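# Working through the structure, step by step
Here is how the chains run, residue by residue.
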There are 2 protein chains.
Amino acid sequence: MEETIKVAVDAMGGDHAPGEIVKGAIDAVTLRPDIKVYLIGRQEVVEQQLAKHSYQGSRIEVVHAPEVIDTAEPPVLAVRRKKQSSIVLGMNMVKEKKADAFVSAGSSGAILVGGQVIVGRIKGVERPPLAPLIPTEKGVSLLIDCGANVDARSSHLVQFAKMGSIYMENVLGVQNPRVAIVNIGAEEEKGNALVKETFPLLKNCPDINFVGSIEARDIPHGEADVIVCEAFVGNVILKLYEGVGATLVGMVKAGMMETLRSKIGALLVKPALKKTLKSFDASEYGGAPLLGLNGLVVKTHGSSKAKEVTNSIIQCVTFKEQEINEKIKKNIGGSHGI
Amino acid sequence: MEETIKVAVDAMGGDHAPGEIVKGAIDAVTLRPDIKVYLIGRQEVVEQQLAKHSYQGSRIEVVHAPEVIDTAEPPVLAVRRKKQSSIVLGMNMVKEKKADAFVSAGSSGAILVGGQVIVGRIKGVERPPLAPLIPTEKGVSLLIDCGANVDARSSHLVQFAKMGSIYMENVLGVQNPRVAIVNIGAEEEKGNALVKETFPLLKNCPDINFVGSIEARDIPHGEADVIVCEAFVGNVILKLYEGVGATLVGMVKAGMMETLRSKIGALLVKPALKKTLKSFDASEYGGAPLLGLNGLVVKTHGSSKAKEVTNSIIQCVTFKEQEINEKIKKNIGGSHGI
């Protein structure tokens, strides 16, 4: 018999909670017989949403959480004070091994803090990076770190490279993933103090396939599988990626509506264009794992709808099956650590 | 009689030198009667290009430069050794007031180094930032700094904000330009050490209209006129902007060629789409000034063609006419400096 993966899901987090979250959870258990979801949130609210759908009752369980952490709250304080919030309860379920993973579209800050403080880091991991997949011309790349670890040190970046390689190889199936560091030029002597210090460490790291610097311009071409950077830069890349994409797509659409001629043309190109733009839509690729924790925590976009929630839940199965954390423990915690 | 603006142009710099550079220079003097261009480069090569066009002979003069600095050369060494290169000769013309401005599509590093070492900083300016205009939904924003001043300090960023405001107000005609600092969240307490230190300084700076943090996602929406950041982040933003834009446009074009139906549609939307995408093309907006120097130095894209060269040369006229450097001197060097 197949093992069942237990995924705790924050029913209260994100712009479209609880409706889209609940729908995403139901779709996940409908698609995959090996998943059980614990929906964490205000019981009556969640049950109200559940009542709208039909699903196999034993595969979804509601866990009552009377409190909700708002995205505007200071994360450290919120995690400390709101012990009965969906985020804190979800993290505790992972910590106590009642769940294999926790998925949330809620406050990034609270998720990052909760991951470190409640779930805890794998021994040897200095900072747990947030590592979303970003779309490229050739497929996807892992951008690591986009989290809260600003002002990181070079040793952190080396660990990001190792954890990112393990993830891409085992979850995405990329053989010998190419690792690059974000830089402002291709040459080894370019960069700021952090990059100059990190570059030789990555170059001499035996566990990864380091291919050198990558300029931001080349990220969308898919020139590397694992893109290493500190969190401030990573956050800028992730958000600008979304921003430029959304703006351009909006401008293209508006441009097509300008004349009668172009409107007719728009009708004809629409299906082909839709397919193209879908491949460049980050929400297709599920959530971002927070790597290096004693359990799996996945942050999905605040704007997540059902599809992204479903994809994020299903992603947890591969993570567990491929024993990512055991591999990280062996690589970072073991004798091969730096 | 109108004053003539003298612009030294690096005929040897960039991917399309000297052909497109020479053409751009000729177009500039043809469009504007108040410009004289000094084309700096290998005499016989430049004259060969000039011979292909007809133009008013007295408005273009060739300055022989036997050497060329390659983009791959270490900048400091190249500027020191190649005294007869087009970049060093052009910088010297600005220093000696033989030219009002120098425009080059050549080595960014050599231009940044040459600007500081040869042309020199305005007294009181700590670091001269490179400040390109980037397209947005609403027009353009100034991204400052995208230069080589990595690992900047907070006092530098405050000066960038002041110089950027002067530029946007006087060259672009934006009244009371909105200044924002690039951050990973909208709240004041967010950010890395540099941003946290700079935020209150900008907030308390009386000379600028500081509107707070800007997330990378909102940059393409045109939410600020002057976008302040340190050079590493600025470089990532600039290059990712170009990269995502180019990739998406390429994917849209390829997507339209997928089926017969979409091919016909593509023919119909083409003119409207071309117009839209043109407004999002950075080369429309000329080059990036290196602000805070004793003279004007403009860096244009390495891939510049004639049109961008022409725009960059014409840009120098407004800079001179609006007395930008006098305003920077008064603001930064004077009693209102920090």
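Quick caveat, the model's predicted, so the values are computed rather than measured.

## Some thoughts on the pairing of strand 3 (residues 60–64) of chain A
Along any regular strand, the residues point their side chains to alternate faces of the sheet. Bridge count for strand 2 (residues 35–41) of chain A against strand 3 of chain A is five bridges, and the pairing is parallel. By the bridge assignment, Leu39(A) is partnered in strand 3 of chain A with Val62(A).

## Quick look at the interface of chain A and chain B
Taken residue by residue, the interface counts 52 residues in chain A and 52 residues in chain B. In total, about 4,900 Å² of surface goes out of reach between chain A and chain B, with carbon and sulfur atoms giving 74% of it. Considering only the side of chain A, the residues that lose the most area to chain B are Ile184(A), Phe232(A) and Leu240(A), jointly responsible for 14% of the buried surface there. Counting across the interface, chain A meets chain B through four salt bridges.

## Describing the packing of aromatic side chains
All names here are of chain B. Within this structure, the stated rule accounts for four aromatic pairs over all chains. Taken together, a centroid distance of 6.1 Å and an interplanar angle of 50° make the contact between Tyr167 and Phe319 tilted. Remark: Phe319 occurs in helix 10 (residues 306–321) and Tyr167 occurs in helix 6 (residues 154–170); sequence separation between them is 152 residues. Owing to a relative accessible area of 6%, Phe319 belongs among the buried residues under this scheme.

## Considering the relation of the copies chain A and chain B
With an axial shift of 0.0 Å and an RMSD of 0.1 Å, the rotation relating chain A to chain B amounts to 180°. The superposition of one copy onto the other is thereby described by a two-fold rotation axis. Taking C-alpha positions as reference, the residue of chain A nearest the rotation axis is Gly265(A), located at 1.8 Å.

## A short note on the environment of Ile21(A)
Residue and element names in this part refer to chain A. In this structure, Ile21 sits in helix 1 (residues 19–31). Accessibility expressed as a relative area gives 2% for Ile21, which makes it buried. Between the C-alpha atom of Ile21 and that of Val9, which follows or precedes it by twelve residues, the distance is 8.1 Å.

## A closer look at the side chain of Glu230(A)
Residue and element names in this part refer to chain A. Inspection of the secondary structure assignment puts Glu230 in the loop between strand 9 (226–228) and helix 8 (231–256). Buried charge Glu230 goes without a salt bridge, the closest partner of opposite sign being Arg127 at 7.8 Å. At 3.1 Å, the side chain of Glu230 forms a polar contact with the backbone nitrogen of Phe232.

## Observations regarding the pattern of salt bridges
All names here are of chain B. Taken as a whole and judged by the stated rule, the model has 24 salt bridges over all chains. Among the ionic pairs, Asp225 bridges to Arg178, the shortest N-O distance being 3.0 Å. Within this pair, whereas Asp225 is found in the loop between strand 8 (209–215) and strand 9 (226–228), its partner Arg178 is found in strand 7 (residues 178–183), the two being separated by 47 residues in sequence.

## Some words on the nonpolar core
Counting 185 residues, the largest nonpolar core has Leu39(A), Ile219(A), Ile313(A), Leu39(B), Val182(B), Ile219(B) and Ile313(B) as its most contacted members. Contacts of Val182(B), omitting those with residues within four sequence positions, involve Phe232(A), Val236(A), Val195(B), Ile214(B), Ile219(B), Ile227(B), Val228(B), Cys229(B), Val233(B) and Ile237(B).

## Describing unusual backbone geometry
Only a minority of non-glycine residues have a phi that is not negative, and only a minority of peptide bonds are not trans. Residues and elements named next belong to chain B. A cis amide bond links Ala17 to the next residue, Pro18, at an omega of -5°. Within the secondary structure, Pro18 sits in the loop between strand 1 (5–10) and helix 1 (19–31). Omega for the bond connecting Ile144 with Asp145 falls within 30 degrees of zero, at 25°, which places this linkage in the cis form. Take Asp145: it is sitting in the loop between strand 6 (139–144) and helix 6. Despite not being glycine, Lys97 has its phi angle at roughly 60°, a positive value. Tracing the chain through its elements places Lys97 in the loop between helix 4 (86–95) and strand 4 (101–104). In this model, Glu323 sits at a positive phi of 50°, which is unusual for a non-glycine residue. Position of Glu323 among the secondary structure elements: in the loop between helix 10 and helix 11 (324–333). Given a relative accessible area of 45%, Glu323 falls into the partly exposed group.

## Digging into the sheet that holds strand 8 (residues 209–215) of chain A
All names here are of chain A. The strand order across the open sheet built from five strands is 5-6-9-7-8, with neighbouring strands paired in mixed fashion. Strands with a single pairing partner mark the edges of an open sheet, and in this sheet they are strand 5 (133–135) and strand 8. Across the sheet, the mean angle from the axis of one strand to that of its neighbour is 35°, orientation sign disregarded. Alignment of strand 5 against strand 6 (residues 140–144), held across three bridges, turns out to be antiparallel. Across the sheet, residue Pro135 finds its bridge partner in strand 6, namely Val140.

## A few points about the sheet that holds strand 7 of chain B
Residues and elements named next belong to chain B. With mixed pairing, the five strands of this open sheet are ordered in space as 5-6-9-7-8. With one partner strand each, in any of the chains shown, strand 5 (133–136) and strand 8 form the two edges of the open sheet. Ignoring which end each strand starts from, the neighbouring axes of this sheet average 30° apart. With six bridges connecting them, strand 7 and strand 8 associate as parallel partners. Note that in strand 8 the partner of Arg178 across the bridge is Asn209. Contacting strand 7 and strand 8, helix 7 (residues 193–203) runs over the sheet at an angle of about 170° to strand 7. Across the sheet, helix 8 (residues 231–256) is in contact with strand 5, strand 6 and strand 7; its angle to strand 5 comes to roughly 50°.

What counts as what
- Residues numbered from 1 in each chain as written.
- Chains lettered and ligands numbered in written order.
- Predicted model: local features only at pLDDT ≥ 70, side-chain atom pairs only at ≥ 80, totals over all residues.
- Heavy atoms only, no water.
- Pairing = 2+ DSSP bridges.
- Helix = DSSP H or I, 4+ residues; strand = E, 2+ residues; numbered from the N terminus.
- Contact = heavy atoms within 4.5 Å.
- Buried area = accessible area lost by both parts, 1.4 Å probe.
- Salt bridge = Lys/Arg side-chain N within 4 Å of Asp/Glu carboxyl O.
- Phe/Tyr/Trp six-rings, centres within 6.5 Å; stacked < 30°, edge-to-face > 60°.
- Buried < 20%, exposed > 50% of the residue type's maximum accessible area, 1.4 Å probe, protein only.
- Least-squares fit on C-alpha atoms with pLDDT ≥ 70 in both.
- Lys, Arg positive; Asp, Glu negative; His and termini not counted.
- Polar contact = N/O pair within 3.5 Å; in protein donor to acceptor, adjacent residues only side chain to side chain.
- Core = buried A, V, L, I, M, F, W, Y, C linked by side-chain atoms within 4.5 Å.
- Axes fitted to C-alpha atoms, helices over the stretch in contact; angles between N-to-C directions.

Keep in mind these numbers describe shape, not what the thing actually does.
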